[in-house]
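Each chain, written out:
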Amino acid sequence: MRSSELAEFLRAGRARVSPAELGLDQASARRRVPGLRREELAQLAGVSVDYYTRLEQGRSRSASAEVLDALATALRLDDAERQHLMDLARPEPAQRKRRSRPQRVDPATLRLIETLDEVNSPAFVLGRRLDVLAHNRIAGSLITEFRALPAAERNQARFVFFDPFARELYEDWDTVAADTVAMLRLDAGRYPEDPQLSALIGDLSIHSGQFRRWWSDHQVHRRTTGSKGYHHPLVGDLTVQYQALHPAGDPDQILFVYTTEPGSPSETSMRLLATWNSQENRQPRNVPSAAEPG
């Protein structure tokens with residue numbers, strides 16, 4: 001339930017704030033919980049201890065935007081975490097929404113990612129639940145050929161946690177996996193009524209102890225820019241820089257574009273991968289995946 005998720009997120013956020021950063025007393029004899037006490041957070045946010053306690057215990061079903069903003073500031077939440085807090089505090093819908101249509105990638109976006117093959121830039125589109133909706137040829141060669149998988153398995157989280165190759169591929173699998181969980185958390189806050197997302201989270205929780213641990217941390221993450229290292233079996237180690245964009249302003253789709261530093265060994269490795277891809281010449285042209293309804 002949304003009130004329970006809100007309560008757990010507040011508790012986790014309170015535990016992550018260091019009292020020392022706020023100049024609060026840290027005497028171990030008096031402080032028996034990590035992070036902030038409830039009364040400390042209530043005071044920082046300008047609300048009563050009783051009101052905050054009811055909110056954290058899931059006994060209060062609503063909170064004003066002003067109170068949530070004050071709590072977000074006191075907890076030092078970033079933009080993604082702040083949005084997640086607001087999402088969790090929204091009133092629960094009176095009934096579940098109807099099953100929505102499958103997500104489709106705009107033809108212009110498909111043409112764009114195909115064009116990026118010509119400059120050796122892997123590109124792919126993630127939808128709701130981190131479903132892989134489309135990718136270009138070199139992205140399939142760098143990561144995995146999702147189009148060869150059954151539609152229900154074309155999912156970034158399933159690849160990261162269930163495919164043994166992923167642990168060998170990513171230079172820092174732990175960071176990639178933890179970020180993947182945090183991205184799913186953000187999605188779960190926006191769409192708590194999504195039965196397919198609930199089923200995915202349940203499947204990951206049952207089969208991966210690491211997923212369960214990271215899920216219980218209640219971290220949320222929105223990718224924008226950054227870098228990622230790969231140990232590729234064909235071309236060796238390479239590092240890419242990525243940008244995350246929303247094609248056509250659609251918040252439910254994220255277009256990731258990878259580039260390499262000009263003149264770097266990573267650029268050379270990516271060119272080798274593109275050459276191998278061209279020689280193989282066995283991948284179909286990019287078409288929207290038959291992803292599960294979004």
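Here's a quick rundown of the structure. (Residues numbered from 1 in each chain as written. Predicted model: local features only at pLDDT ≥ 70, side-chain atom pairs only at ≥ 80, totals over all residues. Heavy atoms only, no water.)

## Digging into helix α12 (residues 209-216)
In an α-helix there are 3.6 residues to a turn, and that puts residues three or four apart on one side. Looking at α12, one finds that the buried residues are F211, W214 and W215. Around the axis of α12, the buried residues are gathered within 105° of arc, so they sit on the same side. On the buried face of α12, the contacting elements are α8 (156-162), α10 (173-190) and α11 (195-207). (Buried < 20%, exposed > 50% of the residue type's maximum accessible area, 1.4 Å probe, protein only. Helix = DSSP H or I, 4+ residues; strand = E, 2+ residues; numbered from the N terminus. Arc of directions from axis to C-beta. Contact = heavy atoms within 4.5 Å.)

## Let's talk about the side chain of E267
On the secondary structure map, E267 appears in helix α13 (residues 265-280). In this view, E267 contacts T260, E261 and P262; residues no more than four positions away in its chain are not counted.

## Details of the pairing of strand β1 (residues 123-126)
Covered by surrounding structure in β1 are A123 and V125 together with F124 and L126, the residues of both alternating faces. The sheet contact formed by β1 and strand β5 (residues 254-259) spans 4 bridges and is antiparallel. Paired with A123 across the two strands is V257, which belongs to β5. As defined by bridge partners, β1 adjoins strand β2 (residues 132-135) across 3 bridges and the pair is classed as antiparallel. Bridged to V125 within β2 is A134. (Pairing = 2+ DSSP bridges.)

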